[in-house]
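Geometric and topological summary
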Amino acid sequence: MTILKILGYGNPILRQKSKEVSKISKKIRILIENMLDTMYSANGVGLAAPQVGENLRIFVIDVSKENEPYNPLVFVNPKIIKKSGAICVKEGCLSFPEAYINVRRYSDVMVKALDINGRPFVTEAKNGELLAYAIQHENDHLDGILFVDHSRNIFEATEALSKHNLPQLEEDKLINEPELEEQILASENADKAKEQ
């Protein structure tokens, strides 16, 4: 069991696009096991290979609750093949200790990937459950995209980062998502109308 060093926001490796894994070798399997150990020791829900300095298209997730047994999911060469719906979620990241920011995500996703043994599988996560946005968050890491790039409010994001002494937002990296924002606002307005 090896606990790997998690790279912090500002490290240029986090902004690089990762390479496909050509073969799930013993070395890759060891990396995956170490990533899981690292994620658990940091109390994380997910961890992508670039966060431990390896620009490979691999991430691990475990959304089991505290009182449940571990249920690790391994995604090698993942591809999101379907996405729909929109939600606003408060997300954090192991590369951004303590900072939480409201971001836009799809509420439903379908992803295909290989497991630790190289077997292909398809997973679907719906209704804005934790797994749905964890998949999007970790998959973004493989393309050098960070959760702050999906910020709904630049001022809130800037404040959260400076409060935790993290580098400032890279405004040129912010992703404009008008269709997601529109859907989120519509559902927030519908919720407000129900409350009245």
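Residues numbered from 1 in each chain as written. Predicted model: local features only at pLDDT ≥ 70, side-chain atom pairs only at ≥ 80, totals over all residues. Heavy atoms only, no water.

**A look at helix 2 (residues 130–141)**
Formally: The way it works is that DSSP assigns letters per residue, a run of H or I at least four long becomes a helix, a run of E at least two long becomes a strand, and they are numbered from the N terminus. Expected helix span is computed as 1.5 Å times (number of residues minus one). When accessible area is computed with a 1.4 Å probe and restricted to protein chains, residues below 20% of their type maximum are described as buried, those above 50% as exposed, and intermediate ones as partly exposed.
Taking 1.5 Å of rise per residue, 12 residues should cover 16 Å, and helix 2 covers 17 Å from first to last C-alpha, within 8% of that figure. For helix 2, a buried count of 11 out of 12 residues is recorded, marking the element as mostly surrounded by other parts of the structure. The complete set of buried residues in helix 2 reads Leu131, Ala132, Tyr133, Ala134, Ile135, Gln136, His137, Glu138, Asn139, Asp140 and His141.

**A short note on unusual backbone geometry**
Not every positive phi belongs to a glycine, and Asn43 is a case in point at roughly 55 degrees. Here Asn43 shows up in the loop between helix 1 (26–41) and strand 1 (46–48). On the basis of relative accessibility, which here comes to 72%, the residue Asn43 falls in the exposed class. For Asn77, which is not glycine, the phi torsion reads 50 degrees and is therefore positive. The exposure class of Asn77 is buried, given its relative accessible area of 12%.

**Digging into the nonpolar core**
Basically, it comes down to this: Residues belong to one nonpolar core when they are buried, are Ala, Val, Leu, Ile, Met, Phe, Trp, Tyr or Cys, and are joined through side-chain atoms within 4.5 Å.
With 19 residues, the main nonpolar core has Tyr9, Phe96, Ile101, Phe147, Val148 and Leu161 as its most contacted residues. For this core, the secondary structure elements donating two or more residues are strand 4 (87–93), strand 5 (96–105) and helix 3 (154–163). The leading source of residues in this core is strand 5, at four residues.

**Looking at the pairing of strand 3 (residues 73–84)**
Spelled out, the test is: Only strands that DSSP links by at least two bridges are regarded as paired with each other.
For strand 2 (residues 58–61) and strand 3, the ladder comprises four bridges, and the chain directions are antiparallel. In the strand pairing of strand 3, Ile58 is matched with Val76.

**A short note on the side chain of Gln51**
Quick reminder of the rule: The definition of a polar contact used here is a pair of N or O atoms within 3.5 Å, where within protein one atom must be able to donate a hydrogen and the other to accept one, and adjacent residues in sequence count solely through side-chain atom pairs. Here, two residues are considered to be in contact whenever any of their heavy atoms come within 4.5 Å of each other.
Of note, Gln51 is situated in the loop between strand 1 and strand 2. Within the structure, Gln51 has its side chain in polar contact with the backbone nitrogen of Ala48 (distance 2.9 Å). At 3.1 Å, the side chain of Gln51 forms a polar contact with the side chain of Ser95. Sequence-distant contacts of Gln51, that is, excluding residues within four places in its chain, are made with Lys5, Ile6, Leu7, Leu14, Cys93, Leu94, Ser95, Glu138 and His141.

**Quick notes on the sheet that holds strand 1**
Filter applied, for reference: To get an axis, fit a line to the C-alpha atoms, keeping to the stretch in contact for a helix; angles then go from 0 to 180 degrees between the N-to-C directions.
Strand order in the open sheet made by the five strands is 1-2-3-6-7, with antiparallel pairing throughout. Edge positions in the open sheet fall to strand 1 and strand 7 (120–125), since each of these has one partner strand only. The average undirected angle you get between the axes of adjacent strands in this sheet is 35 degrees. Sheet topology places strand 6 (residues 108–114) next to strand 7; six bridges connect them, and they run antiparallel. In the sheet register, Met110 faces strand 7, and the bridge partner there is Glu124. Along the sheet face, helix 1 touches strand 1, strand 2 and strand 3 and points at about 40 degrees away from the line of strand 2.

**Some remarks on the environment of Tyr40**
Relative to the assigned elements, Tyr40 resides in helix 1. The exposure class assigned to Tyr40 is buried, which follows from its relative accessible area of 17%. The spatial distance from the C-alpha of Tyr40 to the C-alpha of Pro72 is 9.8 Å, given a sequence separation of 32 residues. Those residues in contact with Tyr40 that lie beyond four places of it in its chain are Asp62, Tyr70, Asn71 and Pro72. A distance of 2.5 Å separates a polar atom in the side chain of Tyr40 from a polar atom in the side chain of Asp62.

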